[in-house]
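Here is how the chains run, residue by residue.
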Amino acid sequence: MVRRYYDLPSLTALAVFEASARHLSFKLAAAELNVTPGAVSRQVKAVEDELGVQLFVRLGSGVMLTSAGEELYGVLASGFSRAAEIVRTVKRGDRSKNVTLACSDAFATMWLIPRMPDFWTRHGEIAVDHLISDNPRDYRRAEVELRIRYGFGSWPDENAELLFSETIYPVCGAEFAKVHRDATAASLPDLPLLHVDWVDPNWAGWDEVLRRAAVPHGPTRGRRFGKFFVAMQAAQADQGVAVGWHRLVTSQIEEGKLVRLTELELLAPGSYYLTWNDNRMLSPAAEILRSWIREIAARERDS
C-alpha cells in the first residue's frame, strides 16, 4: 500500500470532521454536505480510529469537542480558510474589490449599518459583504477577512485591536418611564423585564446585570427575544425594561425613542474589538475598510 505523502487521514474525512466541529452537530454537518448523519458519523469515527484519540464527546443534544478535537479543528479551519481564499483569488484575478466583514446582528443593525454611508461615499469602488450572525463560529468562514467582536480580546489565530469599551444600563419607553418614575435598581426585578437570548455567552443579560449590581432577585421572568433589535423595539413600545448597551442605543436615546430607567449603570464585562486572521494577509480592500473602522471608533472614543 502506498503511504500518503503528508501522512494525513483522508481529506474527505477531515472535511466531514471540520463541518461537524464547526456546527457541533453531525446532523447539521450532514445537511451542509448533502449526506446522511450516519455517513458523517462513520467518517468522523474513521478519523478517530486512525489518530487513536477521541475527537468528540457524544451528547444527547449534539456533540462537544475534546481538547484534541479543538486542536485539530483550529488547524483545519485555518487551513481550509486559507485554501479557499487562494482559490477565490485565482478565479477572480485582480478584478474583485470585495471584502467580507462579520459581526453580530445587534452591532450591525444598531451601530455599523447606520455609519456605512460615510464609507460608501468615500470608497464607492469597494463592495462590502456583511456576514451577520450571533454565532461566533460563523466568523471562521473562509470569506471573512475582518470581524467586529464583543469579548475579552483573545481569539485563536486572530489579531485583536480594541475599538472601544462599553457600558450597560436599563432602558425602556418614555410612557413606561413615566409610570415607573420612582423605580430604583432594587425594584427592577419586580418590573416586566425584556430578555435577549444570545448565542454568545459573553453578552450580559438581566441575571448577570442584577448580580453584578448586588440586587437581590430570584429567577427573572419576562418576555424573551432572539434579537437585540427586536427587544429594543419592545422596550420602545413600553412593554418592559431591557438591558441597554450604550454604544448601540445612544441614537435611540438621543431621539427620545428610549429612556434610561433608574440610576443603575455598569461597565460591561467585555469590549468591542476589530480582529483579523494573523495567518493571512489582508486584501487592499480589507485594509481600507479596517482603516475606516479605526477612524470612526477613534472619533467616538474621543467624543
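Not measured: the values here are computed from a predicted model. (Residues numbered from 1 in each chain as written. Predicted model: local features only at pLDDT ≥ 70, side-chain atom pairs only at ≥ 80, totals over all residues. Heavy atoms only, no water.)

Asks: Which residues make up the packing of aromatic side chains, and what values go with them?
Replies: Counting across every chain of the model gives 13 aromatic pairs. Look at Phe 107 and Tyr 272: their rings are 5.1 Å apart centre to centre, the planes differ by 45°, and that puts the pair in the tilted class. Of the two residues, Phe 107 is situated in helix H5 (residues 105-122) and Tyr 272 in strand S13 (residues 271-277); the sequence distance between them amounts to 165 residues. Both residues of the pair, Phe 107 and Tyr 272, belong to the buried class. (Phe/Tyr/Trp six-rings, centres within 6.5 Å; stacked < 30°, edge-to-face > 60°. Helix = DSSP H or I, 4+ residues; strand = E, 2+ residues; numbered from the N terminus. Buried < 20%, exposed > 50% of the residue type's maximum accessible area, 1.4 Å probe, protein only.)

Asks: Could you give me a rundown of the nonpolar core, with the residues and numbers involved?
Replies: Counting 66 residues, the largest nonpolar core has Phe 228, Trp 245 and Leu 248 as its most contacted members. For this core, the element with the most residues is H5, which contributes eight residues. Val 16, Phe 17, Ala 19 and Ala 30 belong to the second largest nonpolar core, which has 19 residues in total. (Core = buried A, V, L, I, M, F, W, Y, C linked by side-chain atoms within 4.5 Å.)

Asks: I'd like to hear about the sheet that holds S13, residue by residue, with values.
Replies: One open sheet holds the five strands; their spatial order is S4-S3-S5-S13-S6, and the pairing between them is mixed. Each edge of the sheet is formed by a strand with only one pairing partner; in this case those strands are strand S4 (127-132) and strand S6 (158-164). Neighbour-to-neighbour, the strand axes of the sheet open up by a mean angle of 25°, direction not taken into account. Sitting on the sheet, H5 is in contact with strand S3 (98-103), S4, strand S5 (144-151), S6 and S13, with an inclination near 170° to S4. Contacting S3, S4, S5, S6 and S13, helix H10 (residues 284-302) crosses the sheet at an angle of about 30° to S6. (Pairing = 2+ DSSP bridges. Axes fitted to C-alpha atoms, helices over the stretch in contact; angles between N-to-C directions. Contact = heavy atoms within 4.5 Å.)

Asks: Got a sec to walk through empty space enclosed by the protein? Specific residues and values, please.
Replies: Under the definition given, this model contains one cavity of 30 Å³ or more. Of the voids in this model, the largest cavity is the one considered here, and its volume is about 40 Å³. Taken together, Ile 168, Tyr 169, Pro 170, Trp 206, Val 209, Val 243 and Leu 264 form the lining of the largest cavity. Here the lining of the largest cavity gets three residues from one element, more than from any other, and that element is strand S7 (residues 167-172). Within the lining of the largest cavity, the residues separate by chemical class into seven nonpolar, no polar and no charged. (1 Å grid on protein atoms, 1.4 Å probe; cavity = no way out; pocket = protein on both sides within 12 Å on 5 of 7 lines; lining within 4 Å. Points joined across faces, edges and corners; volume = space filled by probe spheres on them. Nonpolar A, V, L, I, M, F, W, Y, C, P; charged D, E, K, R; others polar.)

Asks: Can you break down the UniProt feature "domain: HTH lysR-type" (unreviewed entry) in the protein chain residue by residue, with the values?
Replies: Per the UniProt record, "domain: HTH lysR-type" (unreviewed entry) is found at residues 9-66. What you have in residues 9-66 is 62% helix and 14% strand, and the ends, taken at the C-alpha atoms, are 18 Å apart. (UniProt positions renumbered as here; feature names shortened; annotations may be inferred.)

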